[in-house]
Every structure is written in structure tokens, then in C-alpha cells.
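# Chains, contacts and geometry: an overview
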Amino acid sequence: MKKWMIITIIVVYTVLFGLIIFYYYKDTKSKNLLEAKVEELEPMLNSYYENSYDSEDLGKLFLFPGETNLEFDDDGIMSGEAFIYEDGTIEIALYDGKFCAYKKDTLEITRTDISNCVVNKTN
């Protein structure tokens, strides 16, 4: 009887430990994907600002997925916004369903809901 109890406890702890490792890996992968998407999008927006930005585009909000003329692979992005200020400062917020990657000066990736993953649009 004692052997089976010990074996059962070992199996339960092994399964729990495995689940912890799985979810940690999944969260890390999501964060890395969001970071890569921001790093991919930022040079595109810089190029857009340098080459195409004019007074008519002031205050233009880029929406993802799909509502933009940028060649950005938004696969894995549930929602996102980007905003270019008049001085060239870029603000990005990308949401994958669990995490929000927000970058204006520095990149911050936090667990939040979609309503909190937006660009501020104010200086």
C-alpha cells in the first residue's frame, strides 16, 4: 500500500511540474514572438515616416491586423495599433490574446486584456 501511495505522489508531482514547464515555455514563446513583431514593425514605421509622412498623415493611426498599407506580417496578432507623432516618435501596442507589447521609449510586455493594449495618442 505504501509503495502505491509514493508512486501516485511522484506521478502527480511530475504531471504538475510538467504543466508548469509547459505554460512557462508557452508564455516565453508568446513574449518572444511579440518582441520580434515590434522589432519588425518599428523600422517599417520609421521608413514610412521618412518617405511618406506628410501633413495630411498627422495623427494617422495604423490598425492591425490588416487595416494598413504596410507590408507587416501580423500573423499571431489579435489586435494592434501604431501611432506616429509629428516629431517622428513611434508608439506601438500589439496584443496576442494574452500579452500586450507596448513600445514608445522602451519595450514593455505585460499580461493584460485587449482594452488596456492601446496607444495613448497624446504627447
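Further up the page is the structure itself.
About the criteria used
Residues numbered from 1 in each chain as written. Predicted model: local features only at pLDDT ≥ 70, side-chain atom pairs only at ≥ 80, totals over all residues. Heavy atoms only, no water. Helix = DSSP H or I, 4+ residues; strand = E, 2+ residues; numbered from the N terminus. Rg over C-alpha atoms; globule rule 2.2 N^0.38 Å. Buried < 20%, exposed > 50% of the residue type's maximum accessible area, 1.4 Å probe, protein only. Pairing = 2+ DSSP bridges. Axes fitted to C-alpha atoms, helices over the stretch in contact; angles between N-to-C directions. Phe/Tyr/Trp six-rings, centres within 6.5 Å; stacked < 30°, edge-to-face > 60°. Patch = residues over 30% accessible without salt bridge, like charges linked within 9 Å, V, L, I, M, F, W, Y side chains within 5 Å. Areas by Shrake-Rupley, 256 points an atom, 1.4 Å probe, with all protein chains shown as cover. Salt bridge = Lys/Arg side-chain N within 4 Å of Asp/Glu carboxyl O.

### Section: the overall build of the chain
Scanning the chain from terminus to terminus reveals one helix and five strands. Traced from its N-terminal end to its C-terminal end, the chain shows the element sequence α-β-β-β-β-β. Rg of the C-alpha trace for the chain: 21 Å, well past the compact-globule value of 14 Å for 123 residues, more than 25% over. The C-alpha extent of the chain, read off along each of the three principal axes, is 80 × 25 × 20 Å. A buried classification covers 30% of the 123 residues belonging to the chain.

### Some details on the sheet that holds strand β2 (residues 79–84)
One open sheet holds the five strands; their spatial order is β1-β2-β3-β4-β5, and the pairing between them is antiparallel. Edge positions in the sheet fall to β1 (61–64) and β5 (107–111), since each of these pairs with one other strand and no more. The mean inter-strand angle of the sheet, taken between neighbouring strand axes irrespective of direction, is 10°. In this structure, strand β4 (residues 99–103) lies alongside β5, joined through five bridges in antiparallel fashion. Bridging from a neighbouring strand, F99 pairs with R111 of β5.

### Focus: the environment of A36
For A36, the location among the structural elements is in helix α1 (residues 2–51). Along the backbone, A36 and R111 are 75 residues apart, and their C-alpha atoms lie at a distance of 17 Å.

### Looking at the packing of aromatic side chains
In this structure the tally under the stated criterion is three aromatic pairs. Their ring planes at 90° and their centres at 5.2 Å tell us that Y48 and F62 sit as a pair that is edge-to-face. Here Y48, found in helix α1, pairs with F62, found in strand β1; they are 14 residues apart in sequence, far enough to count as distant. F62 shares its class with Y48; the two are buried. Judged by centre distance (4.8 Å) and plane angle (75°), the ring pair of F83 and Y85 falls under edge-to-face. You'll find F83 and Y85 in the same group, each marked buried.

### Notes on the pairing of β2
The buried fraction of β2 is high, at five of six residues. Where β1 lies against β2, four bridges are found, and the strand directions are antiparallel. Counterpart to F62 in the pairing with β2 is A82. Both β2 and strand β3 (residues 90–95) contribute to a ladder of six bridges, which runs antiparallel. Bridge pairing links S79 to Y95 in β3.

### Some remarks on a nonpolar patch on the surface
The grouping of W4, M5, I7, I9, V11, V12, Y13, V15, L16, L19, F22 and Y23 at the surface amounts to a nonpolar patch, some 1,200 Å² of accessible area in total. With respect to the helices and strands, the residue I9 is situated in helix α1. A relative accessible area of 42% places I9 in the partly exposed class.

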